Amino acid sequence: MVKPVPVDSTVQAQTVSPELAESIREAAYRQEMRDWVQKGNRLYAEEITKGKMTLRDVSESRREAVAELLKTMRKNPRTLFMQQQREAKSMSIQHAKERAAAGMVSYRPGQEVFTTVLRTHLDGCESGEYPTAKATAKATVGEDAPRLLRKSHCKKQLRTGLKQNEGHPAMKLINGIADSSTIIAMASGSVSSCLGALANSHKLAKKLEQLAEGQRRLERELAEVREQSRRRAKDHSTRIASLEVRRDLEDAGKNWKDEVARLMKEQPGISMRALGRAVGVSDTAIRKHLKATGQ
C-alpha cells in the first residue's frame, strides 16, 4: 500500500484549485513510486551479492536497473559514495522541478531578510513597544510574514543575523545577561521563537537594569544618611564636651567671659574656635561677647 506523502506546510495554508491539488498529488505519487522501485532494486542487488539469488531470478522490467546497481556495488567505497551523492542531487533537482511545476515553490529568504527582521524587532524592544513576532515579520516582508515565521531550518541565518546586530543597544543589553549558549539556543528554533526569546530576554535585562539602578540609588541615599548621622554624632559629642567644660568652670566659681579675657591676655592671637573650646561656648558667642565689650 502506497503511503500518502505529506504536503509542505507552506502549501497547506494556501487555497488551491482542484486541478492544482490533483497535480500535486500526482507529483507526490510519482516520487513515492520512484523511491519504492529504487529501494526494491537495491534489495534485489543485495540478495544477489549475498548469493541468495541470481540476476535471472529478477523480473525483466527490473533486471537492467539491478545490473547497474551491481556494477556500482562492486566499486570502491569512495567512488560509490560520490555516485550516490550525484544521484541524490539529481533526484533532488528533479523533485524540485516537479514541485515547482505543481505550484509548490518553497520560500527561501536571503540572509539580509533575517538580519533586517532581527534588527526591526530589536528596535521595537529598545523603544519599549515589544511588538509581536507577527507584527515585526509583517513590517519587514509583508505578505511573506507567515512563511518567514514558520522557517525552522535556519540556524545559520539566525546566528549570523544576531552576530551582525551585536552592536545594537538592545542586543548589548541582552548580551549582558545571556551567555553564548543562551544566544545559540535562541537561534535553534523557528524565526517566531527566536523573536519571542529576544523580546523576553530584553524585558528581563531591562528589569535587572532598573533593579541595579534602584540599588545604586539606595546605596547613595544610605551613604548620605550615614554621613549625616556621623556629623550629628560629632556635633552632639562637641556639644556635650562644651557643656562639660562650662560645668567645670561653673563648679570652679569662674565665669566664661572672665576666662576669655584671661586667655586673650595670656595668649595673644588665639583663635575664636580655640577660645570657644576652652570655655565651652561657640565661637559665634565669643565674637558677640567681644563685639559687645569692644575688644
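Residues numbered from 1 in each chain as written. Predicted model: local features only at pLDDT ≥ 70, side-chain atom pairs only at ≥ 80, totals over all residues. Heavy atoms only, no water.

**With respect to helix α12 (residues 256-266)**
Step number 1: For α12, the set of buried residues is W256, E259, V260 and L263. The buried residues of α12 occupy one face: seen down the axis, they fall within an arc of 105°. In α12, the exposed residues that point more than 90 degrees away from the buried face are D258 and K265.
Step number 2: Those residues of α12 hidden inside the fold are in contact with α11 (191-251), α13 (272-279) and α14 (283-293). (Buried < 20%, exposed > 50% of the residue type's maximum accessible area, 1.4 Å probe, protein only. Helix = DSSP H or I, 4+ residues; strand = E, 2+ residues; numbered from the N terminus. Arc of directions from axis to C-beta. Contact = heavy atoms within 4.5 Å.)

**Notes on the packing of aromatic side chains**
Step number 1: Per the counting criterion, the structure on display carries zero aromatic pairs.
Step number 2: We note K203 situated over the ring of Y130; from NZ or CZ to the ring centre the distance is 5.2 Å. (Phe/Tyr/Trp six-rings, centres within 6.5 Å; stacked < 30°, edge-to-face > 60°. Lys NZ or Arg CZ within 6 Å of the ring centre and 35° of its normal.)

**Regarding the side chain of N41**
Step number 1: Mapped onto the secondary structure, N41 falls in helix α2 (residues 18-49).
Step number 2: Not counting residues within four places of it along the chain, the set of residues in contact with N41 comprises R62, A65, V66 and L69.

**Some remarks on helix α8 (residues 155-164)**
Step number 1: Those residues of α8 that sit buried are L158, G161 and L162. An end-on view of α8 places all buried positions within 100° of arc, on one side of the element. Residues K156 and K163 are exposed on α8 and point more than 90 degrees away from its buried face.
Step number 2: Against α5 (111-127), α9 (169-175), α10 (180-186) and α11 lie the buried residues of α8.

**Quick look at the confidence of the model for the protein**
Step number 1: Of all residues in the protein, 89% have pLDDT values of 70 or greater, and the mean over the chain is 81.
Step number 2: Element-level pLDDT for the protein is lowest in helix α1 (residues 9-12), with a mean of 42, against a maximum mean of 93 in α5.
Step number 3: When the criterion is pLDDT under 50, residues 1-14 qualifies, and its contacts beyond four places in sequence or with other chains add up to 16 contacts. (pLDDT = per-residue confidence, 0-100.)

**Quick notes on the pattern of salt bridges**
Step number 1: Under the defined criterion, the tally for this structure stands at nine salt bridges.
Step number 2: For R220, the salt bridge goes to E213, with nearest N and O atoms at 3.8 Å.
Step number 3: The class for E213 is partly exposed, based on a relative accessible area of 34%.
Step number 4: One salt bridge connects E227 with R231, and the closest N-O pair in it is separated by 3.2 Å. Remark: R231 and E227 occur in helix α11; sequence separation between them is four residues, near one turn of the helix.
Step number 5: By relative accessible area, which is 29% here, E227 ends up partly exposed. (Salt bridge = Lys/Arg side-chain N within 4 Å of Asp/Glu carboxyl O.)

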